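Structural overview
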Amino acid sequence: MLTNTNLMEFTKIAGIQVPVYKNSNSSLVYPSNLVETDTTLKNLRNILYPVIENQPVLLVGDAGVGKNALIYYINAKRNHPTLRYSFNEDTLPEDLIGSYRLLMSGNGFEWINGPIVNAIASGYTFVADEMNLCSPNVIKRFATVYESNYIDLMEGDGTRIEGKEGFSFIGTQNPSEGFEGRKPLPFDITKNFSTVFVDPYPPDEILFILKKLYPELTESLLQICIRVTLATERKVLNNELGKGDLEKYHFNIRTLKKVCERLNAFNCNDKYVVYRELSNLYVEPFRKEEDKNSQLELIRTELQYSDKEISHSVKMFVEGNKLYCNDKSIHTEENISKKILSEIPVTEKILTFMEKVVTGIQMGENILIEFGEEDDPNFLMSLITNISGLRLSHVNLCKGIHTSDILGALKPVSQSKVEWVDGPLTKGIREGGTIVITALEAAGAELVEKLNMLTDDAKAITLPPESGETSPIHLKEDSRVYAFKMFRKTKSVPTISRAFRNRFTPVLFPALEDEKSLKEILQFYIPDDTLSGLMTVFHTKIKTLSQKRVIGSGNLNPYLFGLSNLLKWKDHIVKYNSPDSIAEIVV
């Protein structure tokens, strides 16, 4: 309970007097642009009453309803620090409580508090993000925190740390439906929390929020965006969209903010621009033609836009340290970009694909490149990831990989010395630039969800105590996160949750397996029209025969022939033949 209330400062939030505590760490106070509506005020009151009574709170709500945003808003109003930790299957007690760390001199050890102990001792708000991704048996290590407001450092010197005035424990939980790797927390844990179900915003409040955030956009345009979003989400929930994709989709206010940011950046008075950006965000994520056509029809109907009005070509060029792509431009390194563009066939389909990528880069969005089994994303990897000219950091995921493999761990650096060594993700965050995460689907949702805080508005991640870092490390302003993910083929294959997908802008790898595209690509490397034509016909023919099981019928799985096979064949011809002898090959 609160003490010395007569000496304490207060601020009013949602009509409630909330105490303000002295804060010595402003870096942990996150700015918030939350708009107060009736639903916002209701959610704020439901959270504030137990918080000021020093009760732990569990926020339950769908992705994008603003669970963390509500906490950031409350703490921004009262200038109070927030320590947020993203839970996952790998989370262990020492990650949150702390551990011993070898002194740099090698002469002894020192105890380093974990984030929950720092929050308890300093009187901060601790947010256990996606708490239900962690094993309940691990959560029970903190039972004294949410039951009695203290923790005993059994892993350390046994000291009991009482919750300092201002400390509060807040957990968040997405529902199990549609979220990979999530199970509801058991009652013997949740009974200790004041559970608050965070209500989503009704359409009229969404309009009010968007009008406050984007006053430059007309009300009629905002209403169109809202109707498209709600209709798309409704069709997803009714299994009318994405059926058979084996992926989970989600369209919410986060998607709406993204489309509004784009319309603000480009010419929203041009109906084609509105059509283009709505298509990029509400059509592009879907793989099947019937889904795409259904979404295009929805957008055309809303915009009263006919097929005859749609005409689009993409021009991309480098001038100085700028790369221009129609009405978009991003910073680049001229020499690097010109070299990349001179080495890769930029066909019409590739240009259309790159326009979507460049848009995401300019808008500072996280980009998710999705591709099929027969596609070859490595073919365009340098074009996608190097075009901005920023430093590259690669994080390659796989099955069995652990959080410590990508964040870092204590490792021997010599025969007698052990130090913290940054993993590839941590190194990339510190250095800035572009972070490329490959095989996103391979690691499983439990590890991937560790990146929640990095890929949302916080743009930060909390390292384990042995790193010596007591505050989250933040992405640099120019940093971007790209992820590459293969389409899910069966339910037994892991994938990402719709909550995590919602933090990215999906861009589908271009379909380059038609004869026209294949021949255009080959002619870039082998200008001889006859040879490139014959190679394309042969590749297409053998691929069709393998799909029909005319060849490989005795095998359990059919042979697969994708773009990578054709490119390897091309490499062989170019490497072992001079331009003159290539003509002889044709003869």
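Residues numbered from 1 in each chain as written. Predicted model: local features only at pLDDT ≥ 70, side-chain atom pairs only at ≥ 80, totals over all residues. Heavy atoms only, no water.

1. Structural notes on the overall build of the chain
Our working definition: Each helix corresponds to a stretch of at least 4 residues labelled H or I by DSSP, and each strand to a stretch of at least 2 residues labelled E; elements are numbered beginning at the N terminus. To sort residues, take the accessible area from a 1.4 Å probe on protein chains only and compare it with the maximum for the residue type: under 20% means buried, over 50% means exposed, and anything in between is partly exposed. Residues are treated as being in contact if the distance between any of their heavy atoms lies within 4.5 Å. In this count, Lys and Arg are taken as positive residues and Asp and Glu as negative ones, while His and the chain termini are left out. Charge coordinates come from a single atom per side chain, which is NZ of Lys, CZ of Arg, CG of Asp or CD of Glu.
Helix and strand content of the chain: 24 helices and 23 strands. By principal-axis analysis of the C-alpha atoms, the chain measures approximately 95 × 70 × 55 Å. Here the chain holds 587 residues, and 53% of them are scored as buried. For the chain, restricting intrachain contacts to residue pairs at least 6 apart in sequence, the fraction spanning at least 24 positions comes to 73%. Taking the average location of the 67 positive side-chain charges in the chain and that of its 76 negative ones, the two points are 2 Å from each other.

2. With respect to the state of the cysteines
Stated formally: Note on terminology: disulfide denotes any pair of cysteine sulfur atoms within 2.5 Å.
Inspection of every chain in the model, using the stated rule, returns zero disulfides. Between cysteine 268, a cysteine without a disulfide, and cysteine 225, which holds the nearest cysteine sulfur, the sulfur-to-sulfur distance is 9.6 Å. On the basis of relative accessibility, which here comes to 21%, the residue cysteine 268 falls in the partly exposed class.

3. Overview of the pattern of salt bridges
As a reminder of what qualifies: One speaks of a salt bridge when a side-chain nitrogen belonging to Lys or Arg is within 4 Å of a carboxyl oxygen belonging to Asp or Glu.
Under the criterion given, the structure shown has 35 salt bridges. The residue arginine 276 makes a salt bridge to glutamate 355 at a minimum N-O spacing of 3.8 Å. You can see arginine 276 sitting in helix H11 (residues 271–282) and its partner glutamate 355 sitting in helix H14 (residues 348–362), a full 79 residues away along the chain. Taking relative accessible area as the criterion, glutamate 355 reaches 5% and is therefore assigned buried. Between glutamate 520 and lysine 516 there is a salt bridge, with the nearest N and O atoms lying 3.1 Å from each other. With glutamate 520 and lysine 516 both in helix H21 (residues 515–525), this residue pair falls four residues apart, about one helical turn. With a relative accessible area of 29%, glutamate 520 lands in the partly exposed category.

4. Concerning unusual backbone geometry
The phi angle at alanine 14 is positive, at roughly 50°, despite the residue not being glycine. In this fold, alanine 14 is placed in the loop between strand S1 (9–13) and strand S2 (16–20). Among the residues examined, alanine 14 registers a relative accessible area of 8% and is labelled buried. The phi torsion at leucine 246 lies on the positive side, around 65°, for a residue other than glycine. With respect to the element layout, leucine 246 can be found in the loop between helix H9 (219–237) and helix H10 (253–265). Judged by relative accessible area, which is 23%, leucine 246 ranks as partly exposed.

5. Notes on the sheet that holds strand S12 (residues 316–319)
Put simply, the rule reads: Strand pairing is assigned whenever DSSP identifies at least 2 bridges connecting the two strands. Axis definition: a line fitted to C-alpha atoms, over the contacting stretch in the case of helices. Angles run 0 to 180 degrees between N-to-C directions.
Here we have three strands laid out as an open sheet, ordered S12-S13-S14, and antiparallel in their pairing. Where the open sheet ends on each side, the last strands, each with one partner, are S12 and strand S14 (328–331). Geometrically, the sheet is characterised by an average inter-axis angle of 20° between neighbouring strands, direction not taken into account.

6. Here's the deal with the packing of H9 against H11
Describing two packed helices takes the angle between their axes plus the distance from one axis to the other. This is how the line gets drawn: Convention used here: angles under 35 degrees read as roughly parallel, angles over 145 as roughly antiparallel, angles from 65 to 115 as roughly perpendicular, and any remaining angle as oblique. By convention, the crossing between two helices is left-handed when the near helix turns anticlockwise from the far helix through less than a right angle, and right-handed when the turn is clockwise. The nonpolar class holds Ala, Val, Leu, Ile, Met, Phe, Trp, Tyr, Cys and Pro. Asp, Glu, Lys and Arg form the charged class, and all remaining residues, Gly among them, are polar.
Interhelical geometry of H9 versus H11 gives an angle of 25° and a closest axis separation of 12 Å. The orientation of H9 with respect to H11, classified from their angle, is roughly parallel. Along this stretch, H9 crosses H11, giving a crossing that reads as right-handed. The residues of H11 that touch H9, namely those facing Leu221, Ile224, Cys225, Val228, Thr229 and Thr232, are Val274, Leu278 and Tyr282. Residue classes in the contact of H9 with H11 are distributed as seven nonpolar, two polar and no charged.

7. Let's talk about the environment of aspartate 199
Mapping aspartate 199 onto the fold places it in the loop between strand S11 (194–197) and helix H8 (203–213). When the C-alpha atoms of aspartate 199 and valine 65 are compared, they prove to be 7.1 Å apart, with 134 residues separating the residues in sequence.

8. A word on the sheet that holds strand S16 (residues 392–396)
Reading across from one edge, S16-S19-S22-S15-S23 is the order of the five strands in this open sheet, with parallel pairing throughout. Each end of this open sheet is capped by a strand with a single partner; those strands are S16 and strand S23 (505–508). Within the sheet, the average angular offset between the axes of one strand and its neighbour, ignoring direction, is 20°. One ladder, built from five bridges, connects S16 with strand S19 (residues 434–438); its direction is parallel. When the sheet's bridge partners are listed, asparagine 396 is paired in S19 with threonine 438. In the packing of H14 onto the sheet, the strands contacted are strand S15 (367–371), strand S22 (480–486) and S23, and the crossing angle to S15 comes to about 155°.

9. A closer look at the environment of serine 414
If you trace the backbone, serine 414 turns up in strand S17 (residues 408–414). With relative accessibility at 37%, the residue serine 414 sits in the partly exposed group. In the structure, serine 414 is positioned 157 residues away from aspartate 571 in sequence and 43 Å away in space, judged by C-alpha atoms.

10. Some words on the pairing of S19
Taken across its five residues, S19 has five buried, putting it largely inside the fold. Neither face of S19 is left uncovered, since the one carrying Thr434, Val436 and Thr438 and the one carrying Ile435 and Ile437 both have all their residues buried. For S19 and S22, the ladder comprises four bridges, and the chain directions are parallel. Among the inter-strand pairings, threonine 434 is bridged to a residue of S22, identified as arginine 480.

11. Observations regarding the nonpolar core
Put simply, the test is: To qualify as a nonpolar core, a set must consist of buried Ala, Val, Leu, Ile, Met, Phe, Trp, Tyr and Cys residues joined through side-chain atoms within 4.5 Å.
Judged by nonpolar contacts, the single largest core of 59 residues is most densely connected at Val259, Leu278 and Tyr282. The contact partners of tyrosine 282, leaving out residues within four places of it in the chain, are Cys225, Val228, Thr229, Thr232, Phe251, Thr255, Leu256, Val259, Gln295 and Ile299. Of all hydrophobic cores here, the second largest spans 41 residues; its members include Val318, Met381, Tyr482 and Leu567.

12. Section: the packing of H9 against helix H12 (residues 289–303)
Direction vectors running N to C along H9 and H12 enclose 155°, while the axes themselves pass 10 Å from each other. Between H9 and H12, the angle falls in the class roughly antiparallel. As H9 runs across H12, the sense of the crossing is right-handed. Every residue of H12 that contacts H9 at Ile224, Arg227, Val228, Ala231, Thr232 and Lys235 is listed here: Ser294, Gln295, Leu298, Ile299, Glu302 and Leu303. For the contact of H9 with H12, the per-class residue count stands at six nonpolar, three polar and three charged.

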